[in-house]
Structures are given as structure tokens and as C-alpha cells.
Amino acid sequence: GAVVSQHPSWVICKSGTSVKIECRSLDFQATTMFWYRQFPKQSLMLMATSNEGSKATYEQGVEKDKFLINHASLTLSTLTVTSAHPEDSSFYICSARDIFPGGNQPQHFGDGTRLSIL
Amino acid sequence: GENVEQHPSTLSVQEGDSAVIKCTYSDSASNYFPWYKQELGKRPQLIIDIRSNVGEKKDQRIAVTLNKTAKHFSLHITETQPEDSAVYFCAASITQGGGTSYGKLTFGQGTILTVHP
């Protein structure tokens, strides 16, 4: 089945640090990947849609300069949390959808990254 | 944009009983409705999905029904087992026609299902 790898799984760092999270589709190609944020006991909130070879599309209220997204290849998207502060602490999850066949493919999720800012 | 409401927020059943979780959506253009199971600290896992051209879909103990007119869909789990205990999320998406909403999943608030042995 389709596998999405997300790295790192856990990050603890000091306030002001920038943190990069990687999302890879291991056995399929994905022109589109999605980044979600999940607070404890809450639902997944879409932050942005990552498009291979073009700029990411951010949801309303998400600061694009704060959460930098790069999707340089069909199998890799990265999310960089710049100058992270304690309020950025959360569970970040990516998902990817196979481009073949057609567009009606389910999204497959990575294992998530638990980010803790001290 | 799309808005998905999910009920109940918590559901407690005895092993062997059935569990039903209901969701409503607001955007009539949504045509794809997946259900995900998420265990604590883990990834959401797709357990079943349904498209708007189908009214019902079943996979062993799990079934999903869709009422397009009323814009609601439901997850049915029969013969529940303790390992079914998890958080379940419904979602809605538009998978046709392109546009800025294409492929984006809007999730419900989640249901914490507890199956007691």
C-alpha cells in the first residue's frame, strides 16, 4: 500500500529555533501534499496545500512566512517552522495523494511530528 | 468553505454492540467522504470511504451510508471489539473540477469510541 514517511517524529527545541519537517511518499508520486496541525484531543486542521513545482496554498489565518513549505520533487515536501515559539508546539501531520490513476485517490498520512518548543 | 459537523463527540459501547457515528456537510459540491481511525499519537488511517455516486458501502464489519439530499453520511461498526477503540474522523472533499478546494479534506471534530470488554 501507499506509504508516507514523515521525519522527524519528535522535536524538542528552544524558542527562536527554526525546525524543518520532511514528508516523503515512498512508493508513489504525489503532485500534491497537505500539511495539517492537530492540537491534543482536537481534529486535524489543514494548514496548507503543497504543490510540486509551485507555491503552496495556505489556509486562511496561516502565516506563510511562519510556515514555509517547499515541494521540490514528486516525492518530497518540507515544512519549516521559522523562529518557533511555545505556541507553535503541536502535532504536525502531512498527507499525500497518488497522482495515478486519475485524481480520485485517497490521502495517505505520515506518522506525524510532535513539536515541542521550550 | 466546507464545514463538517460530527456527532457524537464520545461514544461508549459494550463489546459486540454496534456503533454509529454521524456527520453532516455543508458544501453540495463535496463528492468524496472518507473515514479515518486514529489511535493515540499515531497517524490517521483510512478505514472506508464513499463517493457521491454511491449510497452505501460495506467492508466486513464497517459500513458507510451517504444521503446526498440531506448532506449527511454515517459510519456503522457492527460487532464492536475492544481494538476498535480509537478516535474516528469523518471528512469531506471535492475531487472533481479543479479549483482551489480540489482534493482538500475538511475533517469533522472527531468521535472518541470506547468499546468495553
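In this text the structure is predicted, and so the values were computed from the model without any measurement.

What counts as what
- Residues numbered from 1 in each chain as written.
- Chains lettered and ligands numbered in written order.
- Predicted model: local features only at pLDDT ≥ 70, side-chain atom pairs only at ≥ 80, totals over all residues.
- Heavy atoms only, no water.
- Helix = DSSP H or I, 4+ residues; strand = E, 2+ residues; numbered from the N terminus.
- Rg over C-alpha atoms; globule rule 2.2 N^0.38 Å.
- Contact = heavy atoms within 4.5 Å.
- Areas by Shrake-Rupley, 256 points an atom, 1.4 Å probe, with all protein chains shown as cover.
- Lys, Arg positive; Asp, Glu negative; His and termini not counted.
- Charge placed at Lys NZ, Arg CZ, Asp CG, Glu CD.
- Buried < 20%, exposed > 50% of the residue type's maximum accessible area, 1.4 Å probe, protein only.
- Salt bridge = Lys/Arg side-chain N within 4 Å of Asp/Glu carboxyl O.
- Polar contact = N/O pair within 3.5 Å; in protein donor to acceptor, adjacent residues only side chain to side chain.
- Nonpolar A, V, L, I, M, F, W, Y, C, P; charged D, E, K, R; others polar.
- Phe/Tyr/Trp six-rings, centres within 6.5 Å; stacked < 30°, edge-to-face > 60°.

*Asks:* Outline the overall build of chain B, listing residues and values.
*Replies:* Looking only at helices and strands, one finds zero helices and eleven strands in chain B. Going from N to C terminus, chain B has its helices and strands arranged as β-β-β-β-β-β-β-β-β-β-β. For 117 residues, the compact-globule estimate of 2.2 N^0.38 gives 13 Å, and chain B sits close to it at 14 Å. Seen through its C-alpha atoms, chain B measures out along the principal axes to roughly 45 × 30 × 20 Å.

*Asks:* Tell me about the overall build of chain A, and please be specific about residues and values.
*Replies:* If you tally the helices and strands in chain A, you get zero helices and eleven strands. Order of helices (α) and strands (β) in chain A, N terminus to C terminus: β-β-β-β-β-β-β-β-β-β-β. The globule rule puts the C-alpha radius of gyration for 118 residues at 13 Å, and the 14 Å found for chain A is close to it. Seen through its C-alpha atoms, chain A measures out along the principal axes to roughly 45 × 25 × 20 Å. In chain A, once contacts between residues fewer than 6 apart in sequence are set aside, the share between residues at least 24 apart is 55%. Carbon and sulfur atoms form 53% of the exposed surface of chain A, whose accessible area is close to 5700 Å². In chain A, 10 side chains carry a positive charge and 10 a negative one; their mean positions are 5 Å apart.

*Asks:* Lay out the environment of Ala63 of chain B in plain terms, naming residues and giving numbers.
*Replies:* Residues and elements named next belong to chain B. Its place among the elements puts Ala63 in strand β7 (residues 62-67). Owing to a relative accessible area of 11%, Ala63 belongs among the buried residues under this scheme. Through-space distance from the C-alpha of Ala63 to that of Ile50 is 9.6 Å; in sequence the pair is 13 residues apart. Contacts of Ala63, omitting those with residues within four sequence positions, involve Ile48, Lys57, Lys58, Ser74, Leu75 and His76.

*Asks:* Describe the environment of Lys22 of chain B, with residues and values.
*Replies:* Residue and element names in this part refer to chain B. With respect to the secondary-structure elements, Lys22 resides in strand β3 (residues 19-25). C-alpha of Lys22 to C-alpha of Ile48: the two residues are 26 residues apart in sequence and 14 Å apart in space. Apart from the residues lying within four places of it in its own chain, the contact partners of Lys22 are Glu5, Gln6, His7, Phe73 and Ser74.

*Asks:* Account for the interface of chain A and chain B, with residues named and values stated.
*Replies:* Counting residues at the interface gives 22 residues for chain A, matched by 19 residues for chain B. On inspection of chain A and its partner chain B, the count reaches two salt bridges. Measuring nitrogen to oxygen at the nearest pair gives 2.6 Å for the salt bridge that ties Asp111 of chain A to Arg43 of chain B. Our enumeration of links across chain A and chain B arrives at six residue pairs in polar contact (both at pLDDT 80 or more). Those elements giving two or more residues to the side of chain A that touches chain B turn out to be β4 (32-38), β5 (44-51), β9 (90-97) and β10 (107-109) of chain A. Considered class by class, the residues forming the side of chain A that touches chain B number nine nonpolar, nine polar and four charged.

*Asks:* Now, about the packing of aromatic side chains: what can you tell me, with residues and values included?
*Replies:* In total, this model carries eleven aromatic pairs over all chains according to the counting rule given. Aromatic pair Phe109 of chain A and Phe107 of chain B: ring centres 6.2 Å apart, planes at 65°, arrangement edge-to-face. Within this pair, whereas Phe109 of chain A is found in strand β10, its partner Phe107 of chain B is found in strand β10 (residues 106-107), the two belonging to separate chains. Neither Phe109 of chain A nor Phe107 of chain B differs from the other in exposure class; each is buried. Relative to Phe73 of chain B, the ring of Tyr25 of chain B lies with its centre 6.0 Å away and its plane at 55°, an arrangement referred to as tilted. With a gap of 48 residues between them, Tyr25 of chain B in strand β3 and Phe73 of chain B in strand β8 (residues 72-77) connect regions that are remote in the sequence. Taking the relative accessible area as the measure of exposure, Phe73 of chain B reaches 0% and is therefore buried. Cluster of aromatic residues (ring-pair linked, three or more members): Tyr36 and Phe109 of chain A together with Tyr36, Phe89 and Phe107 of chain B.

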